Amino acid sequence: MRVDPFIETRTLRSIKRLLADSPRDKLLFVMGINSGLRVQDLLALRVAAVRGLKLGDRISIQEKKTGKPNVLIANKEILAALEEYLAIAQPDDRHYLFKSRKTANSPLTTLTVTKKVKAWAAAINLKGNFGAHTLRKTWTYHQRREFGVSWEVLAKRLNHSSPSVTRRYLGIQDEEVEEVLMNSL
């Protein structure tokens, strides 16, 4: 099932406000839209790996899906959400960062994250097909649209083996294609 990214920056702000009283979920959202990592790789993080991070610090990970190495770098949004969560939750270093409340020490599932993302979108009356992968696609979309990052750099970051896979992440709309037709040479 293909999912949509969150395209509007006001949508991102609305969801952050919505999650203000849920530091764990806010951290999950912020890390998802600021890292470009798959949710399953975020869910595998343990508290010890992120405690004490400073701006620009790197965490090396091995992707569950591909087995390839990747990295999470702490930007200011991730750090702010992380510090808030750690101060409130005071989790044990051995615990998963996104610990399920249903068992002693297991992470949330991707299905649970999909349900959460759908609920967040519904809560702000956003129409579309959303799920756990929406977070990764949102990061990709905004890196291209807001920051002008090339598809080649995005493909490398996402560890895609084929340009056709990256193309599906870019969220290119018909209107955007029509805009370039107005460029005069």
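Cut-offs used in this document
- Residues numbered from 1 in each chain as written.
- Predicted model: local features only at pLDDT ≥ 70, side-chain atom pairs only at ≥ 80, totals over all residues.
- Heavy atoms only, no water.
- Patch = residues over 30% accessible without salt bridge, like charges linked within 9 Å, V, L, I, M, F, W, Y side chains within 5 Å.
- Areas by Shrake-Rupley, 256 points an atom, 1.4 Å probe, with all protein chains shown as cover.
- Salt bridge = Lys/Arg side-chain N within 4 Å of Asp/Glu carboxyl O.
- Helix = DSSP H or I, 4+ residues; strand = E, 2+ residues; numbered from the N terminus.
- Axes fitted to C-alpha atoms, helices over the stretch in contact; angles between N-to-C directions.
- Parallel < 35°, antiparallel > 145°, perpendicular 65-115°, else oblique.
- Left-handed = near helix turned anticlockwise from the far one by under 90°.
- Contact = heavy atoms within 4.5 Å.
- Nonpolar A, V, L, I, M, F, W, Y, C, P; charged D, E, K, R; others polar.
- Phe/Tyr/Trp six-rings, centres within 6.5 Å; stacked < 30°, edge-to-face > 60°.
- Buried < 20%, exposed > 50% of the residue type's maximum accessible area, 1.4 Å probe, protein only.

Asker: Looking at this structure, how should I read a nonpolar patch on the surface?
Answerer: A cluster of nonpolar residues, Ile172, Val177, Val180 and Leu181, forms a patch on the protein surface that exposes about 380 Å² of accessible area. Among the secondary structure elements, isoleucine 172 is positioned in the loop between α9 (163–169) and α10 (174–180).

Asker: Whenever I open this one, the packing of helix α2 (residues 23–35) against helix α5 (residues 76–89) confuses me. Can you help?
Answerer: Geometry of a packed helix pair, given as the angle between the helix axes and the separation of the axes. Where α2 meets α5, the axes come as close as 9 Å, and the angle between the chain directions of the two elements is 160°. The orientation of α2 relative to α5 falls into the category roughly antiparallel. Handedness of the crossing formed by α2 with α5: left-handed. In contact with Pro23, Arg24, Lys26, Leu27, Val30, Met31 and Asn34 of α2, α5 contributes Glu77, Ile78, Ala81, Leu82, Glu84, Tyr85 and Ile88. Residue classes in the contact of α2 with α5 are distributed as nine nonpolar, one polar and four charged.

Asker: How should the packing of α2 against helix α7 (residues 134–147) be read in this particular structure?
Answerer: Axis separation between α2 and α7 bottoms out at 6 Å; the angle between their running directions is 45°. Here α2 is positioned oblique relative to α7, judged by the angle of their axes. With respect to the hand of their crossing, α2 and α7 are arranged in right-handed fashion. Facing α2, whose interface residues are Leu28, Phe29, Gly32, Ile33, Asn34 and Ser35, α7 presents Leu135, Arg136, Thr138 and Trp139. Across the contact of α2 with α7, the residue classes tally to five nonpolar, four polar and one charged.

Asker: Just checking my understanding: could you explain the packing of aromatic side chains for this structure?
Answerer: Each aromatic ring pair is described using two quantities: the centre-to-centre distance and the angle formed by the ring planes. Counted according to the given criterion, the structure contains three aromatic pairs. Both rings, one in phenylalanine 6 and one in phenylalanine 29, keep their centres 6.3 Å apart while their planes meet at 55°; by these two values the pair is tilted. Of this pair, phenylalanine 6 sits in the segment before α1 (9–18) while phenylalanine 29 sits in helix α2, placing them 23 residues apart in sequence. For phenylalanine 6, a relative accessible area of 0% corresponds to the buried category. Classification of phenylalanine 29 by relative accessible area gives buried; the value is 0%.

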